[in-house]
Amino acid sequence: MEWYWWVLIIFWTGGFGWAVDNARTALRNRHTRKLELIEAARQERLALESANQPPEPVCGCTHHLAKHDKQGKCHERVEVPTAWDETKKPVRFESGQCNCQQYVGPEPLSQVYAPDLTDLA
Ligand SMILES: [Zn+2]
Ligand SMILES: [Zn+2]
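Model, not experiment: these values are computed from the prediction.

Enquirer: Sorry, what's going on with the overall build of the chain here?
Expert: Along the backbone of the chain there are two helices and two strands. Going from the N terminus to the C terminus, the chain shows its helices and strands as α-β-β-α. Scored against the burial criterion, the 121 residues of the chain give a buried share of 2%.

Enquirer: How do you make sense of the pairing of strand S2 (residues 90-97) when you look at a structure like this?
Expert: Each regular strand displays side chains that alternate between the two surfaces of the sheet. Burial of S2 is sparse: only zero of the eight residues sit out of reach of the surface. Relative to S2, strand S1 (residues 77-84) is paired through seven bridges, and the arrangement is antiparallel. Considered in S2, the bridge of Trp84 is made with Pro90. Between S1 and S2, which pair antiparallel and follow one another directly, the connecting turn spans five residues, one of which, Lys88, has a positive phi of 65 degrees.

Enquirer: Any chance you could explain unusual backbone geometry here in plain terms?
Expert: A negative phi holds for most residues other than glycine; trans holds for most peptide bonds. The phi dihedral of Thr62 falls on the positive side, at around 75 degrees, and the residue is not glycine. Within the element layout of this structure, Thr62 appears in the loop between helix H1 (3-52) and S1. Of the residues examined, Thr62 has 11 C-beta atoms within 10 Å and is grouped as exposed. One non-glycine residue, Lys88, lies in positive phi territory at about 65 degrees. If you trace the backbone, Lys88 turns up in the loop between S1 and S2.

Enquirer: Honestly, the confidence of the model for the chain in this entry has me stumped. Any pointers?
Expert: Where the model shows low pLDDT, its predicted coordinates should not be examined in detail. For the chain, mean pLDDT is 82; residues scoring 70 or higher make up 84% of the total. No element of the chain has a lower mean pLDDT than helix H2 (residues 108-111), at 49, and none a higher one than S2, at 93.

Conventions adopted
Per chain, residues are indexed from 1 in the order of the written sequence. Following the order in which they are written, the chains are lettered starting with A and the ligands numbered starting with 1. Since the coordinates come from a predicted model, pLDDT governs what is reported: local features require at least 70, and pairs of side-chain atoms require 80 or more to be given and counted, while whole-chain, interface and lining totals use all residues. The helix and strand labels rest on DSSP assignments: H or I over at least four residues marks a helix, E over at least two residues marks a strand, and numbering proceeds from the N terminus. Here a residue counts as buried when 20 or more other C-beta atoms sit within 10 Å of its C-beta, as exposed when there are 12 or fewer, and as partly exposed otherwise, the C-beta atoms being derived from the backbone. Only when DSSP finds a minimum of two bridges between them are two strands counted as paired. The pLDDT score gives, residue by residue, the confidence of the prediction method on a 0 to 100 scale.

Structure below.
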């Protein structure tokens, strides 16, 4: 029997399927890697875009500062829950006004400032 018969027999008895499987896996891996590259490039672009934008003047109540009047009262409409189910999940909402007062008091940091004690010696 010639040697190539053995090669053919190995292919017929499953060796061929193994080779095809390997090729398929390699192709799929390459495809996944390409998708990952595209995703990474997209994330990078998004990060660049957000870095170039000035920070939005947004209040702690998540509403734009333009929605607040001179006294700091927020005039944005919000959904106020009026009914809850047994798991305390709101099931019904009513239109209401945001009760934010836009606190503009002293910075809390200045209250905990302590003078340097090393100068006392
Ligand atoms: Zn606010
Ligand atoms: Zn608000």
